[in-house]
Amino acid sequence: MKQIIGGNWKMNGSRLASLEFLREMKRLGSEYASSDIVLFPPFTLLPLMTDAAADAGIETGGQDVFWLEKGAFTGEISPAMLVDAGASWFIAGHSERRHVIGETDEIVRRKLETGLETGLRGILCVGELIEEREAGKTEEVVRRQVQSALEGLDCVSPENFVIAYEPVWAIGTGLTATPDEADRMHSLIREWVAAIKSNDFADNTRIQYGGSVKPDNAAEILSRPSINGALVGGASLKPESFMDIIKAVPLQE
Ligand code: 13P
């Protein structure tokens, strides 16, 4: 299965720096031909970046999306607007949207559905808070997030959909789940997806890991068969470190 490496820039980046980043990515190499690479810059940079990104073999996506097509929703961006800005992907349910902005499972589900119905491909983020982990609720929480996003969702397929398991306590903290812990959660997520959809669907769905993925831990994480890529925050802001992570993807036979 082809791995997918995402770079989530969060609220970072500028017009000048983003074009320089893409020039440098192009210069650094063609080694990433075996993975899908997607950058998620702030909305404002999407139209500027899309052509230069394509030239470097990189797709772009929105960090979030609204669940309706148009109307009186001040500040929101619709899926059609993302398409118009050149994006081919979106993220639904990033932990910063769930826990800083207060998005519920229901909101995440509506975003995922509308984005996919518009023809975009979507990354669903799931993951537990440190309190939930310490209370032994990791499985309950992540299972609920997966179920509420996927149950009864007809427009989803392994081609237009990726799951990112991002334990919230590992995001931006320098802490990561051990490869064994991540492996275990990825296998459980795949089981839950199989129960909701089918074995075939689950076997073909890519599940990325996210949370403090860096050049020095990427190879160990990405070599696990249950882990099909990474969603990278901080280390995606510099072309050298992002490229080092991309190069850590094991070569496909
Ligand atoms: P960091 O890689 O900075 O921990 O961020 C992970 C993340 O939130 C990606 O979506």
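1. With respect to empty space enclosed by the protein
Step number 1: Scanning the model with the defined rule gives 1 cavity of 30 Å³ or more in all.
Step number 2: Counted as a void, the largest cavity has a volume near 30 Å³.
Step number 3: Forming the boundary of the largest cavity are G93, S95, R98, C125, V126, G127, E166 and V168.
Step number 4: For the lining of the largest cavity, the elements supplying multiple residues, two or more each, are α4 (95–101) and β5 (121–126).
Step number 5: For the lining of the largest cavity, the class distribution of residues is 3 nonpolar, 3 polar and 2 charged.

2. Describing the site of the ligand
Step number 1: Taken together, the residues surrounding the ligand are N8, K10, H94, E166, A170, I171, G172, G211, S212, L231, G233 and G234.
Step number 2: Between E166 and the ligand, the recorded distance is 3.0 Å, taken from a side-chain N or O atom to an oxygen atom.
Step number 3: Here an oxygen atom of the ligand and a backbone polar atom of G233 are 2.9 Å apart.
Step number 4: Its free accessible area being 310 Å², the ligand has 97% of it covered by the protein chains.
Step number 5: When grouped by side-chain class, the residues that make up the shell around the ligand number 3 nonpolar, 7 polar and 2 charged.

3. Concerning the packing of helix α10 (residues 215–222) against helix α11 (residues 239–247)
Step number 1: In contact at an axis separation of 8 Å, α10 and α11 are set at 20° when each is read in the N-to-C sense. Here α10 is positioned roughly parallel relative to α11, judged by the angle of their axes. Every pair of crossing elements has a handedness; the one defined by α10 and α11 is right-handed. Within the contact between the two elements, α10 uses P215, A218 and L222 and α11 uses S241, D244 and I245.
Step number 2: Per-class residue counts for the contact of α10 with α11 are 4 nonpolar, 1 polar and 1 charged.

4. Focus on the packing of aromatic side chains
For any pair of aromatic rings, geometry is given as the distance between the ring centres together with the angle between the planes.
Step number 1: Going through the model one piece at a time under the given rule, you end up with 5 aromatic pairs.
Step number 2: Arranged with centres 4.9 Å apart and planes meeting at 80°, the rings of W9 and F21 form a pair that is edge-to-face. A residue pair is termed long-range when its members are at least 10 positions apart, and W9 in the loop between β1 (3–8) and α1 (15–28) and F21 in helix α1 qualify at 12 residues.
Step number 3: Since its relative accessible area comes to 3%, W9 is described here as buried.
Step number 4: Judged by relative accessible area, F21 falls into the buried class, the value being 4%.
Step number 5: Both rings, one in F66 and one in F73, keep their centres 4.9 Å apart while their planes meet at 40°; by these two values the pair is tilted.

Rules and cut-offs
Residues numbered from 1 in each chain as written. Predicted model: local features only at pLDDT ≥ 70, side-chain atom pairs only at ≥ 80, totals over all residues. Heavy atoms only, no water. 1 Å grid on protein atoms, 1.4 Å probe; cavity = no way out; pocket = protein on both sides within 12 Å on 5 of 7 lines; lining within 4 Å. Points joined across faces, edges and corners; volume = space filled by probe spheres on them. Helix = DSSP H or I, 4+ residues; strand = E, 2+ residues; numbered from the N terminus. Nonpolar A, V, L, I, M, F, W, Y, C, P; charged D, E, K, R; others polar. Near = heavy atom within 4 Å. Polar contact = N/O pair within 3.5 Å; in protein donor to acceptor, adjacent residues only side chain to side chain. Areas by Shrake-Rupley, 256 points an atom, 1.4 Å probe, with all protein chains shown as cover. Axes fitted to C-alpha atoms, helices over the stretch in contact; angles between N-to-C directions. Parallel < 35°, antiparallel > 145°, perpendicular 65-115°, else oblique. Left-handed = near helix turned anticlockwise from the far one by under 90°. Contact = heavy atoms within 4.5 Å. Phe/Tyr/Trp six-rings, centres within 6.5 Å; stacked < 30°, edge-to-face > 60°. Buried < 20%, exposed > 50% of the residue type's maximum accessible area, 1.4 Å probe, protein only.

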